[in-house]
Amino acid sequence: MSSSGRRVALVTGSNKGIGYAIVRGLCKQFDGDVILTARSESNGQAAIKQLNGEGLQPIFHQLDITDKASIDSIGQFLKSTYGGLDILVNNAGIAFKVAATEPFPVQAEVTLATNFWGTLNACNTLFPLLRPHARVVNVSSMASQFAAKKCSKELQQKFMAPGLTMANLEQLMTEFVSSTKDGSFKQKGWPESAYGVSKVGVTLMSFVQQKQFNSESREDIIVNACCPGYVDTDMSSHKGTKTIDQGADTPLYLAMLPPNTTSPKGNFVSERKIGSLV
Ligand SMILES: NC(=O)c1ccc[n+]([C@@H]2O[C@H](COP(=O)([O-])OP(=O)(O)OC[C@H]3O[C@@H](n4cnc5c(N)ncnc54)[C@H](OP(=O)(O)O)[C@@H]3O)[C@@H](O)[C@H]2O)c1
């Protein structure tokens, strides 16, 4: 039998940290293939080997979400091997350390390029492959709430406008980065947190994507944003209090939402509970 039509889940940035634990959880809970992805082939293969040691059989594919050719390549792989996609966990992300010496405009550009634009570009290429009942999880952060609360009332109104479109959101994210370059970001109502603003983008992206799915013919596709909590990973310099498996709990819960779930749907979720952005 050809493998085409077999169910499949994909996790971005899953060679380590929370993404790795999400792959481990999906291997145990999801009835289908699980694709572990990494921007580095050798780091990805090392992670596969480690999971094989636990008796789990994820499949490796290279993916760098800032590289259009890499996103296209995994899209082609999914299409030809599975004919679709059932679970997409957009987990890949970066954060500059507090002690980083790169100027703020550089941090803003680089952080948004991965966390916002990379995630959005991956979604735009992979969403046409989603089958009915597919689940999308965008790993955001409570940092999106902290940053949104520090934004001006005018920006907050734009974020929460019922008619917010992806084009509006892309423009807001572009304006944030350009305003860091001419130094006007504070005056324009933005906080001094590249990571926080990038995650405001990821959370809002999820709200807009659900509206788009609701108005199309594919049935029961659900996208949620989430915070995994404060997790012991390289990103948190191992200061996080949760293990990676505890951090993977909410993303896994959202990835495994049963058919025809009505809530959470197009929400921000933390500790399995729906929260608000502002
Ligand atoms: N840790 C926390 O306390 C915490 C809290 C809230 C939210 N989060 C979010 O949770 C997610 C996972 O974070 P983590 O703590 O597990 O961080 P991590 O240990 O640093 O892992 C991040 C993963 O993303 C990958 N990645 C980075 N840039 C990428 C790119 N351009 N293309 C593909 N993969 C890329 C990394 O690959 P390399 O190994 O090649 O670098 C790595 O696999 C992130 O979105 C983060 O913002 C984490």
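Only a predicted model underlies this, so the values are computations on that prediction, with no experimental measurement involved.

What counts and how
Residues numbered from 1 in each chain as written. Predicted model: local features only at pLDDT ≥ 70, side-chain atom pairs only at ≥ 80, totals over all residues. Heavy atoms only, no water. Helix = DSSP H or I, 4+ residues; strand = E, 2+ residues; numbered from the N terminus. Rg over C-alpha atoms; globule rule 2.2 N^0.38 Å. Contact = heavy atoms within 4.5 Å. Areas by Shrake-Rupley, 256 points an atom, 1.4 Å probe, with all protein chains shown as cover. Lys, Arg positive; Asp, Glu negative; His and termini not counted. Charge placed at Lys NZ, Arg CZ, Asp CG, Glu CD. Phe/Tyr/Trp six-rings, centres within 6.5 Å; stacked < 30°, edge-to-face > 60°. Buried < 20%, exposed > 50% of the residue type's maximum accessible area, 1.4 Å probe, protein only. Core = buried A, V, L, I, M, F, W, Y, C linked by side-chain atoms within 4.5 Å. Salt bridge = Lys/Arg side-chain N within 4 Å of Asp/Glu carboxyl O. Near = heavy atom within 4 Å. Nonpolar A, V, L, I, M, F, W, Y, C, P; charged D, E, K, R; others polar. Pairing = 2+ DSSP bridges. Axes fitted to C-alpha atoms, helices over the stretch in contact; angles between N-to-C directions.

*Asks:* Where do I start with the overall build of the protein in this structure?
*Replies:* If you tally the helices and strands in the protein, you get ten helices and eight strands. In terms of overall size, the protein behaves like a compact globule, its C-alpha atoms giving a radius of gyration of 18 Å where 278 residues would be expected to give roughly 19 Å. Sequence separation of 24 or more characterises 73% of the internal contacts of the protein that already satisfy a separation of 6 or more. Carbon and sulfur atoms provide 53% of the accessible area of the protein, an area that totals close to 12300 Å². Charge centroids of the protein, computed over 27 positive and 23 negative side chains, lie 4 Å from each other.

*Asks:* Looking at this model, I keep getting lost on the packing of aromatic side chains. Mind explaining?
*Replies:* Any two aromatic rings considered together are summarised by their centre-to-centre distance and by the angle between their planes. Per the counting criterion, the structure on display carries seven aromatic pairs. Seen from their ring centres, Phe 116 and Trp 117 are 4.9 Å apart, and the 85° between their planes marks the pair as edge-to-face. By relative accessible area, which is 24% here, Trp 117 ends up partly exposed. Plain terms: the ring middles of Phe 159 and Trp 190 are 6.0 Å apart, the flat faces sit at 45° to each other, and that makes the pair tilted. Of the two residues, Phe 159 sits in helix 6 (residues 153-160) while Trp 190 sits in the loop between helix 7 (166-181) and helix 8 (194-214), which places them 31 residues apart along the sequence. Here the two residues Phe 159 and Trp 190 agree in accessibility, since each one is buried. Through a chain of ring-to-ring contacts, the aromatic side chains of Phe 104, Phe 159, Phe 176, Phe 185 and Trp 190 assemble into a single cluster.

*Asks:* Mind showing me how you'd approach the nonpolar core here?
*Replies:* General note: in soluble globular proteins, nonpolar side chains tend to be found buried as a group. Judged by nonpolar contacts, the single largest core of 32 residues is most densely connected at Ile 22, Val 23, Leu 26, Leu 36, Ile 87 and Val 89. Taken together, the elements giving at least two residues each to this core come down to strand 1 (8-11), helix 1 (17-29), strand 2 (33-38), helix 2 (41-52), strand 4 (85-90), strand 5 (130-139), strand 6 (222-227) and helix 10 (249-255). Among the elements that take part in this core, helix 1 stands out by supplying seven residues, more than any other. By size, the runner-up hydrophobic cluster in this structure holds 30 residues, among which are Ala 108, Leu 169, Val 197 and Val 200.

*Asks:* So what exactly am I meant to see when it comes to the pattern of salt bridges here?
*Replies:* If the charged atoms of two oppositely charged side chains come close together, the side chains can form a pair. For the coordinates displayed, the defined rule picks out twelve salt bridges. Close ionic contact of Lys 68 with Asp 72 constitutes a salt bridge, the shortest N to O distance being 2.9 Å. Here the residue Lys 68 and the residue Asp 72 both occupy positions in helix 3 (residues 68-82), the gap between them amounting to four residues, near one helical turn. For Lys 68, a relative accessible area of 52% gives the class exposed. Among the ionic pairs, Asp 220 bridges to Arg 135, the shortest N-O distance being 3.1 Å. With Asp 220 in the loop between helix 8 and strand 6 and Arg 135 in strand 5, this pair connects stretches of sequence that are 85 residues apart. What you see here is one network of salt bridges that share partners, running through Arg 24, Glu 54 and Asp 245.

*Asks:* How should I be thinking about the site of the ligand in this particular structure?
*Replies:* Of all residues adjacent to the ligand, which total 27 residues, the nearest are Asn 15, Asn 91, Tyr 195, Val 231 and Thr 233. In isolation the ligand has 900 Å² of accessible area, and contact with the protein removes 93% of it. For the shell around the ligand, the secondary structure elements donating two or more residues are helix 1 and helix 8. The class makeup of the residues in the shell around the ligand is eleven nonpolar, eleven polar and five charged.

*Asks:* How should I be thinking about the sheet that holds strand 8 (residues 273-275) in this particular structure?
*Replies:* Sheet strands pair via backbone hydrogen bonds, and the direction of the pair is either parallel or antiparallel. The eight strands are arranged 3-2-1-4-5-6-7-8 in an open sheet whose pairing can be described as mixed. Single-partner strands in this sheet number two, and they are strand 3 (59-62) and strand 8. Neighbour-to-neighbour, the strand axes of the sheet open up by a mean angle of 25°, direction not taken into account.

None of the figures reported here should be taken as evidence of function without further support.
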